[in-house]
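Understanding the architecture of this molecule
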Amino acid sequence: MGDVVIGARSGAGEPEGSGRRAARSAESGAPSASVEDAAAQTADEQGDGAEGPTEGSSKSHRSDAESADQSESQAPGKQRKQRSFWKELPILVGIALVLALVIKTFFVQAFSIPSESMQNTLQVGDRVLVDKLTPWFGAEPERGEVVVFHDPGGWLNDEPTQQSNNSFVRGVQDVLSFVGLMPSANEKDLIKRVIAVGGDTVECEGTGPVKVNGVALNEPYVYQGNTPCGDHPFDPVKVPNGRIWVMGDHRADSLDSRFHMDQPGGGTVPVGNVIGRAFVVAWPVGHWSTLSVPDTFDQKGLAAAAPLAPPVAGAVGAVALLPLVRRVRDRRDGRKDS
């Protein structure tokens with residue numbers, strides 16, 4: 001019995017113990033679940049916290065990368081600008097030279113005054129700008145204008161060309177003169193004042209004054225101390241059409257039309273040889289001035305023959321057409337009567 005009791009006790013005790021253990025395990029299971037939930041929640045919070053910094057760090061990395069990309073994109077841009085400038089510089093220089101050549105060829109060209117023949121209007125070494133555009137539109141030189149023209153032949157045979165002894169300087173001068181930025185030392189050109197044009201009669205007897213179509217010229221531009229005829233008066237000369245008569249303002253020191261009357265053209269210059277009209281003294285700055293036409297060439301009667309030509313031609317044309325006008329009028333009146 002004792003064994004039974006013991007066995008019974010032992011037998012009853014095991015289920016109770018197991019039940020207690022189960023109960024305890026169940027009870028302990030609740031806290032463990034709550035602990036697991038808490039751990040899970042903590043893990044979630046930690047996970048959220050971990051995700052937050054990770055996202056923020058990724059954004060910061062992204063912004064750093066973008067700023068780096070921007071800085072990299074800006075840096076090459078600056079380098080490209082510098083490279084493009086140096087690459088474009090020869091092109092810009094070439095365009096400037098081409099424009100200068102075009103301007104020199106068709107519009108304006110600079111010339112240097114080599115002698116004293118136009119004093120005091122122009123001094124030795126002055127740079128004048130010459131209008132080459134208007135002759136392209138058929139404009140011809142007018143009385144009183146200062147013009148540059150090619151040697152018509154034999155006027156500058158004894159005049160040496162002014163060139164530097166330095167080959168490098170000569171090369172630079174040739175290039176600059178070719179594009180019109182510097183006067184040429186090789187071309188034999190002259191600069192004088194137009195006194196008479198085609199159809200005019202010009203003369204200068206004794207000491208003057210110079211007369212054009214019988215009208216005496218008051219010439220304030222003549223060099224002080226010179227007479228209008230200088231030391232070379234001349235008889236009346238009829239200037240052929242398409243030619244001009246030129247004289248220097250320094251009448252005692254100018255080998256102008258007066259000294260070439262024995263050559264073809266009788267001292268006159270073909271209009272086709274005229275490069276253009278000098279309109280301004282551009283250099284040196286202290287000599288800057290415009291080269292306008294003096295008022296003496298605006299005198300009434302200076303070109304008296306020219307203004308009469310159109311009215312006379314108009315009158316002759318009207319007389320010639322008068323019979324035709326009458327015939328047309330008679331026919332019109334006859335039709336009205338019928």
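As the structure is a prediction and not an experimental result, all values here were calculated from the model.

Before going further, it helps to spend a moment on the overall build of the protein chain. Scanning the protein chain from N- to C-terminus turns up 3 helices and 12 strands. Counting every position in the protein chain, which comprises 338 residues, the buried fraction comes to 26%. Restricting the contact set of the protein chain to residue pairs at least 6 apart, pairs at least 24 apart contribute 71%. For the protein chain, the computed accessible surface area is about 21,300 Å², with 58% contributed by carbon and sulfur atoms.

On to a nonpolar patch on the surface, then. A contiguous nonpolar surface patch, about 480 Å² in accessible area, is contributed by Phe85, Trp86, Leu89, Val93 and Leu97. Note on placement: Leu97 falls in helix H1 (residues 2-106).

As a further point, take the sheet that holds strand S7 (residues 215-216). Pairing within the open sheet is antiparallel, and its 4 strands lie in the order S7-S6-S5-S8. If you trace the sheet from one side to the other, it starts and ends with S7 and strand S8 (234-238), each paired once. When strand S6 (residues 210-212) meets S7, the two strands line up antiparallel, connected through 2 bridges. When the sheet's bridge partners are listed, Val212 is paired in S7 with Val215.

Another aspect to go through is the side chain of Asp249. Summarising the element assignment, Asp249 is placed in the loop between strand S9 (243-247) and strand S10 (269-270). Judged by its relative accessible area of 0%, Asp249 falls in the buried class.

Attention shifts here to unusual backbone geometry. What you tend to see is this: most non-glycine residues have negative phi, and most peptide bonds are trans. Backbone torsion omega between Gln119 and Asn120 reads -5°, so that peptide bond is classified as cis. Inspection of the secondary structure puts Asn120 in the loop between strand S1 (108-112) and strand S2 (127-131). Between Trp283 and the following residue, Pro284, the backbone shows a cis peptide bond with an omega angle of 0°. Relative to the helices and strands, Pro284 resides in the loop between strand S11 (274-283) and strand S12 (289-290).

Here the structure, examined in full by the defined rule, presents 1 disulfide. Note that Cys204 is cross-linked by a disulfide to Cys229, the S-S spacing being 1.6 Å. Residues Cys204 and Cys229 share a disulfide whose torsion about the S-S bond is about -95°; that sign makes it left-handed. Here Cys204, found in strand S5 (residues 201-204), pairs with Cys229, found in the loop between S7 and S8; they are 25 residues apart in sequence, far enough to count as distant. Each member of the pair, Cys204 together with Cys229, is buried.

Chain-level pLDDT for the protein chain is 73 on average; 55% of the residues reach the 70-or-more range. When mean pLDDT is compared element by element in the protein chain, S9 scores highest at 97, while H1 scores lowest at 51. Here residues 1-36 is a poorly scored stretch, pLDDT under 50, and it has 9 contacts once near neighbours within four places are set aside; other chains count. Below pLDDT 50 for its whole length, residues 304-313 participates in 0 contacts with residues either more than four positions away or in separate chains.

Of all 5 residues in S9, 4 are buried, a share of seventy percent or more. Where S9 meets S10, 2 bridges bridge the pair, whose relative direction is antiparallel. For Arg243, the partnering residue across the bridge sits in S10 and is Pro270.

Next up on the list: the packing of aromatic side chains. Inspection of every chain in the model, using the stated rule, returns 3 aromatic pairs. Aromatic side chains Tyr221 and Phe297 sit 6.4 Å apart centroid to centroid with 10° between the ring planes, which places their arrangement in the stacked category. In this pair, Tyr221 sits in the loop between S7 and S8 while Phe297 sits in the loop between S12 and helix H3 (305-337), placing the two residues 76 residues apart along the sequence. Residue Phe297 is classed as buried on the basis of its relative accessible area, which comes to 8%.

Attention now goes to the side chain of Asn226. If you trace the backbone, Asn226 turns up in the loop between S7 and S8. Residues within four places of Asn226 in sequence aside, it is in contact with His250, Arg251 and Ala252.

Grouped together as the largest cluster of nonpolar side chains are 18 residues, with contacts concentrated most on Ile195, Val202, Val210, Val212, Leu217, Phe234 and Trp245. Residue contacts for Ile195: discarding those within four places in its chain leaves Arg143, Val202, Val210, Val212, Leu217, Glu219, Tyr221, Trp245, Val246, Met247, Arg251 and Phe297. Core analysis: the next-biggest nonpolar cluster, separate from the first, contains 13 residues, Phe111, Met118, Ile191 and Ile275 among them.

Rules of the game
- Residues numbered from 1 in each chain as written.
- Predicted model: local features only at pLDDT ≥ 70, side-chain atom pairs only at ≥ 80, totals over all residues.
- Heavy atoms only, no water.
- Helix = DSSP H or I, 4+ residues; strand = E, 2+ residues; numbered from the N terminus.
- Buried < 20%, exposed > 50% of the residue type's maximum accessible area, 1.4 Å probe, protein only.
- Contact = heavy atoms within 4.5 Å.
- Areas by Shrake-Rupley, 256 points an atom, 1.4 Å probe, with all protein chains shown as cover.
- Patch = residues over 30% accessible without salt bridge, like charges linked within 9 Å, V, L, I, M, F, W, Y side chains within 5 Å.
- Salt bridge = Lys/Arg side-chain N within 4 Å of Asp/Glu carboxyl O.
- Pairing = 2+ DSSP bridges.
- Disulfide = S-S within 2.5 Å.
- pLDDT = per-residue confidence, 0-100.
- Phe/Tyr/Trp six-rings, centres within 6.5 Å; stacked < 30°, edge-to-face > 60°.
- Core = buried A, V, L, I, M, F, W, Y, C linked by side-chain atoms within 4.5 Å.

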